Structure formats: C-alpha cells, structure tokens
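Survey of secondary and tertiary structure
The chain contents come next:
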Amino acid sequence: MNRKMTTRCRQLIKQYADLPEASESLKQRILIAANRARNKQRYHKQIAPFVCSLIVMFIVVANNMNQSNFLRFGVTDSMPINQMQENPSLVSLKPITEWNNFNDENEFVDTFIRHRSWQTSLFRKPVTRL
Amino acid sequence: MEKLSTSELTDKIRECARNMEHRGISALEELYDLTASRLLRYAYSLTRNREDAEDAVQTAMVRLALKPKLLKNAQYPWSYFLRIVRNEAINISRKKMPMQIMTSIKEFGKEDPARLEAEHIKYHVSSALDKLPPAQSEVVILKVWENMTFAEIAEVLGQSPNTIASRYRYAIEKLSQYLQPFCEEVQYES
C-alpha cells in the first residue's frame, strides 16, 4: 500500500473524525454514581454484618430468656401433675405469675425447684426427675 | 489536553488508583480528567453512539472507584482500563442490538465555504469509520489516537499482535478506498 496514502488517511482520521469529547456533565454524573455505589458498598460491608450480628444477639438473648421463663412459647398451665412428671422439660414453661394456681403444695415445690434449675442453667438442658 | 505517552499515562493512572485507595471518590476526578476523553473516543468506536459510549465509560469508572486496587495492581493499568471499557461497551451494544437506529445524516452549513468543506470531509471520514467493522475501527482508534503499539493493542483486545496488525492493515486499506478523493487531493498538492 502507498505509504503516503496511509499517512494521509491517518491525518484525515485524526483531524476530522467526529469523536466525542468528555464533558463536565458526564464527570458529575460519574462522581454521583460512584458516590452512590460506594455508599451501597459500605452498607453491605459494614452496616449489614452489624445488623445481622444484632439480630443474632437478640435471638440468643431471647432464647436464654425463654429458658428463664421470660418469653414463653408454650403453655402448661392446665397440665396435670402426672403429665408434668412425664414431661419434666415442659414444667419450667409454667408462667411465674400463675404460681398461686397450683393444685397442692407438692406441685408448687416440685415446679419451683425445677424452675430454679432452669434459671441457674445458661443453656437448655433436660430437667432431672425428682 | 496534554498528550502523554503510554508509559507516562500508565504511571499517572497508577498514582490515581493509589490516591483513590487513600482519599476515596474525590480522587476519581483526577482519573476522569486524565482518561475520560480517550476512553470515550474508544467506546464510541464500538458503540457508534455517544450516549452508549458515555454509559460504558461511567460503568467502568464506577467499577474501578469501588475497587481501585485492581487498577493499582494491574501490570498494564491503561490496557486494563481500556479492556474494562471495551467489555462494558460490548455489553451495552449487545443489549441494544435489536433496536439499533439508523444514524442521521447531518445537514451541511451553507454560508461559509471553508466550514462547508470541513463539514464535508468530516462527514466522509465519520461515515468511512462507521463503515468499518468495529473490530477494525477500534484498532484504528487505538493506533491513530492513542499511539499505541500493536503489542499494547493486542494486550487490550486479548488477541495476537499479528492479528491486530492485519486488522489495522485491512482497515487502512478500506479507509483509503473510501477516502480516496481526499487522499488524492493531497498527493496532487504535494
């Protein structure tokens, strides 16, 4: 190919090619988009794990409170004494405010002792039969 | 805009990436001033549309703003940056392929003969570049506008330098055919 033609072609392209120039508005657009993306990234990297750990902490605390009869997910108010003896793990679920509703003194003592054993334990463990 | 060699540009880009890592988004402005026009021209050669080219540049810049380490640690940061823009431009073109619109023909000015002549040549050069396949026109843009070597272009496009050289040769042959009247004028003048 003719070298002069090639050179001229290059000149023409460089001089006349109608290629776009970067504008100030594009710059602003990019900076805004980058800021937004950075904030989103920060949320995902820092805030989201923090929120997740808070949720986990809440679940753990709630679970422990459940074990100490603070939150209850089961009701054993009307459970007869023989059934309570068969299912000792459910005894601790009896609400503390209703302890005056026990049928007799033995039932009260029995439940109270079991309840104390739940309060002192950190993690759930089966209640031993008296 | 000052014309930098590829190695100078590489050093400056690496410095910008370092600044971005330490100072955050505020350093993106420097990177934009340094590279945006070049990137936009390159993206335009692939998308043939200013808006799409701007979108490709924006996406690439935002991506690098989030992970400046990638640019800092790249062996050839400028080639790496061009490659990201290229991928984005290709993605955008691929998405828009079904609804491509014919480019409109500009109206020529009638008053000033010199302007008319310039507009005339500009129109022919632009349509000659548009007639080239994108694979060839991107090589022309990188070679003519960025003064990159075939090896550097090969690094950006992920092809062998020989492929790039032959693409460039075919492109210049076609452009010479399209622009023959203007090339001959010069030969006649010289």
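Since the structure is predicted, the reported quantities are computational estimates derived from the model, not experimental observations.

Some words on the overall build of chain A
Within chain A, the regular secondary structure consists of four helices and zero strands. Each helix and strand of chain A, ordered N terminal to C terminal, gives the series α-α-α-α. Looking at chain A as a whole, 34% of its 130 residues are labelled buried. Considering only residue pairs separated by 6 or more positions, chain A has 35% of its internal contacts joining residues 24 or more positions apart. As displayed, chain A has an accessible area near 9000 Å², and 58% of this comes from carbon and sulfur atoms.

With respect to the packing of helix H7 (residues 134-145) of chain B against helix H8 (residues 150-157) of chain B
Residues and elements named next belong to chain B. Here H7 crosses H8 at 135 degrees, and the two axes come no closer than 10 Å. With respect to each other, H7 and H8 are oriented oblique. The element H7 and its partner H8 pack so that their crossing is right-handed. Mapping the contact onto sequence places Glu 138, Val 139, Leu 142 and Lys 143 in H7 and Phe 150, Ile 153, Val 156 and Leu 157 in H8. Looking at the contact of H7 with H8, its residues break down into six nonpolar, no polar and two charged.

A few points about the interface of chain B and chain A
Every contact between the two is made by 47 residues of chain B and, on the other side, 30 residues of chain A. Carbon and sulfur atoms supply 67% of the area buried between chain B and chain A, which totals about 3900 Å² over both sides. At the boundary of chain B with chain A, the tally comes to five salt bridges. The residue Arg 41 of chain B makes a salt bridge to Glu 21 of chain A at a minimum N-O spacing of 3.8 Å. If you look at where chain B meets chain A, you find 12 residue pairs in polar contact (both at pLDDT 80 or more).

As for unusual backbone geometry
Residue and element names in this part refer to chain B. Its identity is not glycine, yet Arg 48 carries a phi of approximately 60 degrees, on the positive side. Topologically, Arg 48 is positioned in the loop between helix H2 (28-47) and helix H3 (50-66). A positive phi angle is found at Asn 147, which is not glycine, with a value near 50 degrees. Topologically, Asn 147 is positioned in the loop between H7 and H8. With a relative accessible area of 41%, Asn 147 lands in the partly exposed category.

Considering the layout of surface pockets
Computed from the structure, the second largest pocket encloses a volume of approximately 200 Å³. If you list the elements that add at least two residues to the lining of the second largest pocket, you get helix H2 (24-67) of chain A together with helix H4 (68-73) of chain B. Broken down by element, the residue count for the lining of the second largest pocket peaks at five residues, all from H2 of chain A. When its residues are assigned to classes, the lining of the second largest pocket shows two nonpolar, two polar and six charged.

Looking at the pattern of salt bridges
One pass over the structure, following the stated rule, counts 15 salt bridges over all chains. Asp 33 of chain B is the salt-bridge partner of Lys 27 of chain A, the closest N and O atoms lying 3.0 Å from each other. Of this pair, Lys 27 of chain A sits in helix H2 while Asp 33 of chain B sits in helix H2, which puts the two residues in different chains. The exposure class assigned to Asp 33 of chain B is partly exposed, which follows from its relative accessible area of 46%. Across the pair Glu 30 of chain B and Arg 23 of chain B runs a salt bridge, and its minimum N-O distance is 2.8 Å. Here Glu 30 of chain B falls in the partly exposed class, since its relative accessible area comes to 31%. Take Arg 23 of chain B: its relative accessible area is 47%, and that puts it in the partly exposed class. Several salt bridges converge on common partners, so that one network encompasses Glu 21 of chain A together with Arg 38, Arg 41 and Glu 146 of chain B.

So, the side chain of Thr 10 of chain B
Mapped onto the fold, Thr 10 of chain B is located in helix H1 (residues 6-23). Note on Thr 10 of chain B: relative accessible area 15%, which makes it buried.

Description of the packing of aromatic side chains
All names here are of chain B. A complete count under the given rule lists two aromatic pairs over all chains for this structure. The cationic tip of Lys 131 hangs over the ring face of Tyr 178; the distance from NZ or CZ to the ring centre is 4.7 Å. Geometry around Phe 150 places Lys 143 over its ring, the cationic atom sitting 4.5 Å from the centre.

Overview of helix H5 (residues 77-96) of chain B
For H5 of chain B, which comprises 20 residues, the first-to-last C-alpha distance of 29 Å matches the rise-based estimate of 28 Å (1.5 Å per residue) to within 8%. Residues of H5 of chain B that are buried: Pro 77, Trp 78, Ser 79, Phe 81, Leu 82, Ile 84, Val 85, Arg 86, Glu 88, Ala 89, Ile 92 and Ser 93 of chain B.

A short note on the side chain of Arg 167 of chain B
Residue and element names in this part refer to chain B. Position of Arg 167 relative to the elements: it lies in helix H9 (residues 161-178). We note that Arg 167 is buried and unpaired, the nearest opposite charge coming from Glu 138 at a distance of 4.6 Å. Those residues in contact with Arg 167 that sit more than four places away from it in its chain are Ala 135, Gln 136, Val 139, Leu 157 and Gln 159.

Some thoughts on the confidence of the model for chain B
Residues and elements named next belong to chain B. Averaged over every residue, the pLDDT of chain B is 81; the share at 70 or more is 85%. Every residue in residues 100-110 is under pLDDT 50, and counting partners more than four places away or in other chains gives eight contacts. Quick note on the complex model: pTM equals 0.63, ipTM equals 0.72.

About the criteria used
Residues numbered from 1 in each chain as written. Chains lettered and ligands numbered in written order. Predicted model: local features only at pLDDT ≥ 70, side-chain atom pairs only at ≥ 80, totals over all residues. Heavy atoms only, no water. Helix = DSSP H or I, 4+ residues; strand = E, 2+ residues; numbered from the N terminus. Buried < 20%, exposed > 50% of the residue type's maximum accessible area, 1.4 Å probe, protein only. Contact = heavy atoms within 4.5 Å. Areas by Shrake-Rupley, 256 points an atom, 1.4 Å probe, with all protein chains shown as cover. Axes fitted to C-alpha atoms, helices over the stretch in contact; angles between N-to-C directions. Parallel < 35°, antiparallel > 145°, perpendicular 65-115°, else oblique. Left-handed = near helix turned anticlockwise from the far one by under 90°. Nonpolar A, V, L, I, M, F, W, Y, C, P; charged D, E, K, R; others polar. Buried area = accessible area lost by both parts, 1.4 Å probe. Salt bridge = Lys/Arg side-chain N within 4 Å of Asp/Glu carboxyl O. Polar contact = N/O pair within 3.5 Å; in protein donor to acceptor, adjacent residues only side chain to side chain. 1 Å grid on protein atoms, 1.4 Å probe; cavity = no way out; pocket = protein on both sides within 12 Å on 5 of 7 lines; lining within 4 Å. Points joined across faces, edges and corners; volume = space filled by probe spheres on them. Phe/Tyr/Trp six-rings, centres within 6.5 Å; stacked < 30°, edge-to-face > 60°. Lys NZ or Arg CZ within 6 Å of the ring centre and 35° of its normal. Expected span 1.5 Å × (residues − 1). Lys, Arg positive; Asp, Glu negative; His and termini not counted. pLDDT = per-residue confidence, 0-100.

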